[in-house]
Amino acid sequence: MNILILGSGAREHAIAWKLAQSSRPLKLFVAPGNPGTAETAVNLPVDPLDFERVREVIIANSIGMVVVGPEAPLAEGIADFIMGDPALSGVEVIGPCRDGAMLEGSKDFAKGFMKRHGIPAAAYETFTQDTLDDAVTFIRRMKPPYVLKADGLAAGKGVLIINDFDEAVTGLKAMFGGKFGAAGSKVVIEEYLQGIEMSAFVITDGISYRILPEAKDYKRIGEGDTGKNTGGMGAVSPVPFASSSFLEKVEERIIKPTIEGLKREGIDYRGFIFFGLMNVRGDPYVIEYNARLGDPETEVIIPRIASDLYDLLEGVAHRDLASREIKIVTDTAVTVMMVSGGYPDSYGKGFPVSGVENVAESIIFHAGTTMKDGRLVTSGGRVMAVTSMGSTMQEALDKSYSSVRKISFNGMSYRRDIGADLKNHII
Ligand SMILES: Nc1ncnc2c1ncn2[C@@H]1O[C@H](COP(=O)(O)OP(=O)(O)OP(=O)(O)O)[C@@H](O)[C@H]1O
Ligand SMILES: [Mg+2]
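Residues numbered from 1 in each chain as written. Chains lettered and ligands numbered in written order. Predicted model: local features only at pLDDT ≥ 70, side-chain atom pairs only at ≥ 80, totals over all residues. Heavy atoms only, no water.

**Thoughts on the overall build of the protein**
Just so we agree on the cut-off: Strands here mean DSSP runs of E at least two residues long; helices mean DSSP runs of H or I at least four residues long; both are numbered from the N terminus. Only C-alpha atoms enter the radius of gyration, while the globule expectation follows 2.2 Å times N to the 0.38, with N the number of residues. Using a 1.4 Å probe on the protein chains alone, a residue whose accessible area is under 20% of its type maximum counts as buried, one over 50% counts as exposed, and one in between counts as partly exposed.
Secondary structure assignment for the protein yields twelve helices and 21 strands. For 427 residues, the compact-globule estimate of 2.2 N^0.38 gives 22 Å, and the C-alpha radius of gyration of the protein, at 21 Å, lies within 12% of that figure. Seen through its C-alpha atoms, the protein measures out along the principal axes to roughly 60 × 50 × 45 Å. With 427 residues in all, the protein has 56% of them scored as buried.

Below is the structure:
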């Protein structure tokens, strides 16, 4: 089977790394990929949003399965495009069609879906420029902090959490005024949920699902969760505070109603669902859905899957996921993201990366790197994710931090406190 993975980050590297361990005869391609994915796959210089080019490389390389990494091509309808083209018939897509991708592509749709299917989530209402006055009244009736979310995709930067009433109204007007582009023409305003966040993941064939390892990521740039939001500075799996009784609540109150809700609404969802959750005094609430695997969460959940990843993907394609086994190791996986100086604001690129060859006890998933004159150099805000396993979280952390200290590039930085907030949750 020839498999094409769409995307270029550490998530896609982790998927390629895992598929390369399959006992099945697979040939891997990644578009556009990075120097890390080149270790186990053929990189193809194609933008996942250029559907015509994607089509060409599918045909040219006799691709039988496409695994979609990031959300943008899904929201744009890459699955519909491939499945709707007679010349590509028989090509399986791991990732939802546009209707399923709306779970992530539209916060308003997602909130409505949760309400229709009784899935626990923050109370909310949706507003537009025309209903600005109603929105102001709604905010006045709420208790701060106020949570304002741009409806459309905004690369993880479309959410404002504001304590002050006047600032919230100003923020709302800025969103309607185009602060996040067209994504903010509709704004979801919801109550603030006080708790601790984590993420849960399933793979589904539209009929049944398999629960993947849960994870907790660290979004803020600074230690102690300070500073700006990033794409993710690190992650841990399993999540110590996610007890089996808590995870049971997640499955009963959130996962099952979501899968059943999709069926009831005639949405044939084949792919991954990422549940952004808030643990509020022991009860789970959905903060958001993502229609794909997370980054950096993938870099910790994939290494904990002991079973053959291709067997699960094939289960999605053949719609017999229920008969496929999933084995998850009890070991802990952690990942520490090494980023460019200045990220998430402006940062330089093209700095040589050294020391990678000295790393033995961790897996390095490339996020933002490229080759220049035969040398590995930085090419993004997030540069590489350093993943380690251990029988305890501390053991895994020690390995990752010792590996991180062996790697260097100009201006590099990383958070030194990944997992620190979880230490008092470990039983
Ligand atoms: N109702 C809420 N109460 C408290 N915090 C919230 C709430 N909604 C969102 N947040 C915070 O804002 C962050 C971003 O919100 P959300 O996940 O909905 O946006 P996103 O742009 O889709 O993010 P992502 O890049 O993770 O997909 C959450 O991770 C959480 O920290
Ligand atoms: Mg999201």
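**Let's talk about the packing of helix α5 (residues 98-105) against helix α6 (residues 107-116)**
Operational definition: Structural elements are reduced to axes, namely lines fitted to C-alpha atoms, with helices fitted over the stretch in contact, and the angle between N-to-C directions of any two is expressed from 0 to 180 degrees. What sets the label is the angle itself: under 35 degrees gives roughly parallel, over 145 gives roughly antiparallel, 65 to 115 gives roughly perpendicular, and the rest give oblique. Contacts are assigned to residue pairs that have any heavy atoms within 4.5 Å of one another. Note on residue classes: Ala, Val, Leu, Ile, Met, Phe, Trp, Tyr, Cys and Pro are nonpolar, Asp, Glu, Lys and Arg are charged, and everything else, Gly too, is polar.
In contact at an axis separation of 6 Å, α5 and α6 are set at 95° when each is read in the N-to-C sense. It follows from the interaxial angle that α5 and α6 lie roughly perpendicular. Between α5 and α6, the contacting residues are M102, L103 and G105 on the first element and K107, F109, A110 and F113 on the second. Here the contact of α5 with α6 is built from residues that sort into five nonpolar, one polar and one charged.

**Section: the coordination of the magnesium ion (ligand 2)**
Let me state the cut-off plainly: Any N, O or S atom lying within 2.8 Å of the metal counts as a donor, with the limit raised to 3.2 Å for Na, K and Ca; because water is left out of the atom set, some sites can appear incomplete.
At 2.0 to 2.3 Å from the magnesium ion (ligand 2) lie its protein donor atoms, namely E288 (OE) and N290 (OD1). The residues E288 and N290 share a single accessibility class, namely buried.

**Some points on the site of ligand 1**
Using the following cut-off: Here, proximity means that at least one heavy atom of the residue falls within 4 Å of the molecule or strand. Each polar contact in these results corresponds to two N or O atoms within 3.5 Å; when the atoms are within protein, one needs to be able to donate a hydrogen and the other to accept it, and residues that are neighboring in sequence are counted only if both atoms are side-chain atoms. Per-residue and other accessible areas follow the Shrake-Rupley method at a 1.4 Å probe size, with only the shown protein chains counted as cover for residues. Residue ranges assigned to each domain were obtained from an automatic or database domain assignment.
Among the 18 residues in the neighbourhood of ligand 1, the closest are listed as K107, K149, E190, E197 and E288. A distance of 2.6 Å separates an oxygen atom of ligand 1 from a polar side-chain atom of K107. With respect to ligand 1, the side chain of E197 contributes an N or O atom lying 2.5 Å from an oxygen atom. Computed on the free molecule, ligand 1 has an accessible area of 610 Å², of which 86% lies beneath the protein chains in the complex. Contributing elements (two or more residues each) for the shell around ligand 1: β7 (146-150), β8 (159-162) and β16 (283-290). Examining the composition of the shell around ligand 1, we find that three residues originate from one element, β16, more than from any other. When residues are assigned to domains, the shell around ligand 1 turns out to be shared by domain 2 (123-190) and domain 3 (196-323), each giving three or more.

**Quick look at the side chain of N61**
Summarising the element assignment, N61 is placed in the loop between α2 (51-60) and β4 (65-68). Within the structure, N61 has its side chain in polar contact with the backbone oxygen of V57 (distance 2.8 Å).

**Some thoughts on the domain arrangement of the protein**
You can read the domains of the protein as domain 1 (2-97), domain 2 (123-190), domain 3 (196-323) and domain 4 (332-419). The C-alpha centroid of domain 2 is placed 36 Å from the C-alpha centroid of domain 1.

**Brief notes about the sheet that holds strand β9 (residues 186-190)**
Keep this limit in mind: A pair of strands is considered paired only if DSSP assigns at least 2 bridges between the two.
In space, the four strands of this open sheet follow the order β6-β9-β7-β8, with antiparallel pairing throughout. Since the sheet does not close on itself, it has two edges, and those belong to β6 (124-128) and β8, each with one partner. Adjacent strand axes in the sheet meet at a mean angle of 20° when their direction is disregarded. In the sheet, β6 pairs with β9 via five bridges, with the strands oriented antiparallel. In the sheet register, T126 faces β9, and the bridge partner there is V188. Of the strands in this sheet, β6, β7, β8 and β9 touch helix α8 (residues 165-176), which is tilted by about 5° from β7.

**What about the packing of helix α1 (residues 10-19) against helix α11 (residues 309-317)?**
The contact between α1 and α11 brings their axes to 8 Å, and the two run at 105°. As judged from the angle between their axes, α1 and α11 are roughly perpendicular. Of the residues in α11, those in contact with I15, K18 and L19 of α1 are L309, Y310 and L313. Counted by class, the contact of α1 with α11 contains five nonpolar, no polar and one charged residues.

**Notes on unusual backbone geometry**
The linkage connecting A31 with the following residue, P32, adopts the cis geometry, with an omega of -5°. Checked against the element boundaries, P32 lands in strand β2 (residues 27-32). For the bond from S237 to P238, the omega torsion is 0°, close enough to zero to count as cis. Assignment of secondary structure puts P238 in the loop between β14 (234-237) and α9 (244-264). Within the chain, S62 stands out as a residue other than glycine whose phi angle is a positive 45°.

**Comments concerning the packing of aromatic side chains**
Where we set the bar: Aromatic contacts are taken between Phe, Tyr and Trp rings whose centres are within 6.5 Å, Trp giving its six-membered ring; a plane angle under 30 degrees counts as stacked, one over 60 as edge-to-face, and the others as tilted. In this scheme, the term charge over a ring applies when either NZ of a lysine or CZ of an arginine sits within 6 Å of the ring centre and within 35 degrees of the ring normal.
Enumeration over the complete set of coordinates arrives at nine aromatic pairs. Consider the rings of F201 and F274, whose centres lie 4.6 Å apart with planes at 45°: the pair is tilted. Linking F201 in strand β10 (residues 196-204) with F274 in strand β15 (residues 271-280), this pair joins segments that are 73 residues apart in sequence. Per residue, the accessibility class of F201 equals that of F274, and both read buried. A network of ring pairs unites the aromatic residues F109, F113, F275 and Y289 as a single cluster. Above the plane of the ring of Y218 lies K216, whose end atom (NZ or CZ) is 4.9 Å from the centre.

**What about the pattern of salt bridges?**
To keep things clear, this is the line we draw: Take a side-chain nitrogen of Lys or Arg and a carboxyl oxygen of Asp or Glu: if they are within 4 Å of each other, that pair is a salt bridge.
Counted according to the given criterion, the structure contains 28 salt bridges. Across the salt bridge formed by K219 and D217, the nearest N and O atoms sit 3.3 Å from each other. D295 is paired through a salt bridge with R382; the nearest N and O atoms lie 3.8 Å apart. Placement of the pair is D295 in the loop between β16 and α10 (298-301) and R382 in strand β21 (residues 382-390), with a sequence separation of 87 residues.

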